[in-house]
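Notes for the structure review
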Amino acid sequence: MNNEEQRYYTVTQYNQAIKNFLDSKVECQYVHIQGEISNFKGHSRGHLYFTLKDEESRMNAVMFQTAAQKLDFEPKDGDEVQVDGRISVYVPNGGYQVYIEKMKLAGNGDLLRKFEELKKKLEDEGLFDESHKKPIPRFPKKIGIITAPTGAAIRDILSTIKRRYPLCETILFPSLVQGDEAKFDIVRNIERAQDYDLDVIICGRGGGSIEDLWAFNEEIVARAIYNSNIPIISGVGHEPDRTIADYVADLRAPTPTGAAEMCVPNLPDLLHLIDQYTIRTNENIKGIINFYQKKLDILKNTYVLRNPLALYEVKEQKLDTLIDRSNSIITSMLNDYTVRLNNIKSSYVLKNPLATYEVKREKVNSYVEILNKIIKGNLDNYNYKYSMMINKLELLNPLNILNKGYSLVTVNDNVVKSAKDLKVNDSINIRLHEGNVEAIVKEIK
């Protein structure tokens, strides 16, 4: 090979050389890239192939099955992701690509996914059901507040309660509301508050990003709110913000200030309401007094009260009328019973008591004669029918033919109808009109 030919290398050699170069660079072995997934394809063996792109460029990416099975989400086109891996060349096509070892959703995407997953899980378990929510007392005497001890949230809550309803007592449970330890601190304070004889608890904080509010999206905080024996009002962030704590709490307020307003009545409104009730009560009492005063005046002017004896006189007259009617009825009844008694005393039966007996006895004797005739007639009829049946049976009796000199021959209790039924020396029975004869067959013809 001449010198000119030695200056040329194969495509594979150059691709391999570039791969070796990239693999030797530390900068290419530990890369961290953010981009949008496009052209996503999941292989049947579990490998993932896709393109990472931004507004101006794109890069091929591959994530092998061993790394892909550790993902806690399902990648798809359009997802903004952050990946950790290495840059190398795929020699067969000469294309360089990122080999991904770790991948997560970028920005708020991962947090939003976790939020939706936990929300669905707790909703399926029934932690958001209205049937589990405890009523908020209308006039609380003691309120617990779980929030940061400094900041606008606690100031707004306390000032709102003091302005609206200074009669109640407030107890602050200072708590972390942001950071990795905040969820544990919130749970501890909810559990502590159970021992303070509280009527209601306000739990919340001021506004912030989804990362700032994330402590109120933790599962242990949601379960602590659900398990609280004291009703809890959540007031987290601003109006658009929604946390898991809002869904599981007994009442959700758009802001900490809103939570305070929902927790207590407004004292000036109560005083005004009491004044209105007082006016209405006095008017009702006056109306009732006037109503009964008119009724009393009507009663005082009635004829009975002005002439009380008149009522007595009317009753006396009615009594006389009733006595006269009673006497008349009694007299009429006595006369009627007297007539009936005289009729009974003069009746034929009482004067001749045996006459009834004689009449009954004659009827009985007549019935006896009729019954005897009926019985005799029935007996004669039955005797006649009996004789007729005997005669018919005698005519049908096959043994009657024996009276004419015939006999009945049997062998082994079977009637002999033919000489073929017998054998020599058979023992036969001959039944005559009177008696039986045992014989031995000597000859058969």
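The coordinates are above.
Residues numbered from 1 in each chain as written. Predicted model: local features only at pLDDT ≥ 70, side-chain atom pairs only at ≥ 80, totals over all residues. Heavy atoms only, no water.

**Some points on empty space enclosed by the protein**
Note the following rule: Of the two site types, the cavity is a set of points on a 1 Å grid over the protein atoms alone where a 1.4 Å probe fits but cannot get out, and the pocket is an open set with protein on both sides within 12 Å along at least five of seven lines, each lined by residues with an atom within 4 Å of a point. Grid points are joined across faces, edges and corners, and a volume is the space filled by probe spheres set on the points. Following the grouping adopted for this structure description, the nonpolar residues are Ala, Val, Leu, Ile, Met, Phe, Trp, Tyr, Cys and Pro, the charged ones are Asp, Glu, Lys and Arg, and the polar ones are all others, Gly among them.
Under the definition given, this model contains 1 cavity of 30 Å³ or more. Volume-wise, the largest cavity comes out at about 50 Å³. In this structure, the largest cavity is lined by Leu127, His132, Lys133, Lys134, Ile225, Tyr226, Val248 and Asp250. For the lining of the largest cavity, a count of residues per class yields 4 nonpolar, 1 polar and 3 charged.

**Overview of the packing of aromatic side chains**
Note the cut-off: Geometry of aromatic contacts follows a simple scheme: Phe, Tyr and Trp rings, the Trp one being its six-membered ring, pair when their centres are within 6.5 Å, and the pair is stacked under 30 degrees between planes, edge-to-face over 60, tilted otherwise. Our definition puts a charge over a ring when NZ of Lys or CZ of Arg is within 6 Å of the ring centre and also within 35 degrees of the ring normal.
Going through the model one piece at a time under the given rule, you end up with 5 aromatic pairs. Measuring from centroid to centroid gives 5.2 Å for Phe291 and Tyr292, while their planes differ by 75 degrees, and the two rings are edge-to-face. Sitting above the plane of the Tyr99 ring, Arg86 keeps its charged end 4.6 Å from the centroid. In this structure, Lys119 is placed above the aromatic ring of Tyr247, and the distance from its NZ or CZ to the ring centre is 5.1 Å.

**Here we look at the nonpolar core**
This is how the line gets drawn: Think of a nonpolar core as a cluster: buried Ala, Val, Leu, Ile, Met, Phe, Trp, Tyr and Cys residues, connected wherever their side-chain atoms sit within 4.5 Å. Only protein chains enter the accessibility calculation, which uses a 1.4 Å probe; a residue is then buried when its area is under 20% of its type maximum, exposed when over 50%, and partly exposed in between. Helix and strand labels come from DSSP, where a helix needs a run of H or I of at least four residues and a strand needs a run of E of at least two; each type is numbered from the N terminus. For this analysis, residues touch if any pair of their heavy atoms sits within 4.5 Å.
Among the nonpolar cores identified, the biggest contains 35 residues, and Leu122, Ile186, Ile190, Leu198, Ile201, Phe216 and Ile225 are the most heavily contacted of them. Elements with a minimum of two residues in this core: helix H5 (109–125), strand S7 (169–174), helix H7 (182–193), strand S8 (200–205), helix H8 (219–227), strand S9 (232–236) and helix H9 (244–248). Looking at which element gives the most residues to this core, the answer is H7, with 5 residues. Once residues within four sequence positions are removed from consideration, Ile225 is found in contact with Ile190, Ile232, Ala245, Val248 and Ala249.

**Looking at the environment of Ile143**
Relative to the assigned elements, Ile143 resides in strand S6 (residues 142–147). With 148 residues separating them along the chain, Ile143 and Phe291 place their C-alpha atoms 47 Å apart. Among all residues touching Ile143, those that are not within four sequence positions of it are Ile161, Cys168, Glu169, Thr170, Ile171, Leu198, Val200, Ile202, Cys263 and Val264.

**Some details on helix H6 (residues 152–164)**
Spelled out, the test is: The span one expects for a helix is its residue count, reduced by one, times 1.5 Å. By construction, the arc corresponds to the directions joining the helix axis to the C-beta atoms.
When the terminal C-alpha atoms of H6 are compared, their 18 Å separation across 13 residues agrees well with the 18 Å that a helix rising 1.5 Å per residue should span. For H6, every residue scored as buried is listed here: Ala153, Ile154, Ile157, Thr160, Ile161 and Arg164. Angularly, the buried residues of H6 cover 140 degrees about the axis, an arc narrow enough to put them on a single face. Opposite the buried face of H6, by more than 90 degrees, sit the exposed residues Arg155, Lys162 and Arg163. Those residues of H6 that are buried are in contact with S6, S7, S8, helix H10 (256–263) and helix H11 (267–300).

**Focus: the pattern of salt bridges**
Condition: For this analysis, a salt bridge means a side-chain nitrogen from Lys or Arg found within 4 Å of a carboxyl oxygen belonging to Asp or Glu.
All chains considered together, the criterion is met by 10 salt bridges. Linking Lys121 and Glu219 is a salt bridge whose minimum nitrogen-to-oxygen distance equals 3.1 Å. Of this pair, Lys121 sits in helix H5 while Glu219 sits in helix H8; the two residues are 98 residues apart in sequence, bridging distant segments of the chain. Here Glu219 falls in the partly exposed class, since its relative accessible area comes to 24%. A salt bridge links Arg252 to Asp246, with the shortest nitrogen-to-oxygen separation between them at 3.8 Å. For the pair Arg252 and Asp246, one class covers both residues: buried.

**Considerations on the side chain of Asp185**
Inclusion rule: As used in this structure description, the phrase polar contact means that two N or O atoms lie within 3.5 Å; if the pair is within protein, one of them must be able to donate a hydrogen and the other to accept it, and residues adjacent in sequence are counted only when both atoms belong to side chains.
Looking at the element boundaries, Asp185 is found in helix H7. Only 2.7 Å separates the side chain of Asp185 from the backbone nitrogen of Leu176, close enough to count as a polar contact. With residues up to four places along the chain from it excluded, the contact list for Asp185 reads Pro174, Ser175 and Leu176.

**Describing the sheet that holds S9**
Hydrogen bonds along the backbone pair up the strands of a sheet, which may run parallel or antiparallel. Rules: One bridge is not enough; two strands pair if DSSP finds at least two bridges between them. A fitted line through C-alpha atoms represents every axis, and for helices the fit uses only the stretch in contact; the resulting angles, taken between N-to-C directions, go from 0 to 180 degrees.
Strands sit in the order S7-S6-S8-S9-S10 across an open sheet of 5 strands; the sheet is parallel. Sheet topology places S7 and strand S10 (251–253) at the edges, where each strand pairs with a single neighbour. The average undirected angle you get between the axes of adjacent strands in this sheet is 20 degrees. Here S8 pairs with S9 via 5 bridges, running parallel. Bridge pairing in S9 places Cys203 opposite Ser234. Helix-sheet contacts for H6 involve S6, S7 and S8, and the interaxial angle to S6 is about 165 degrees.

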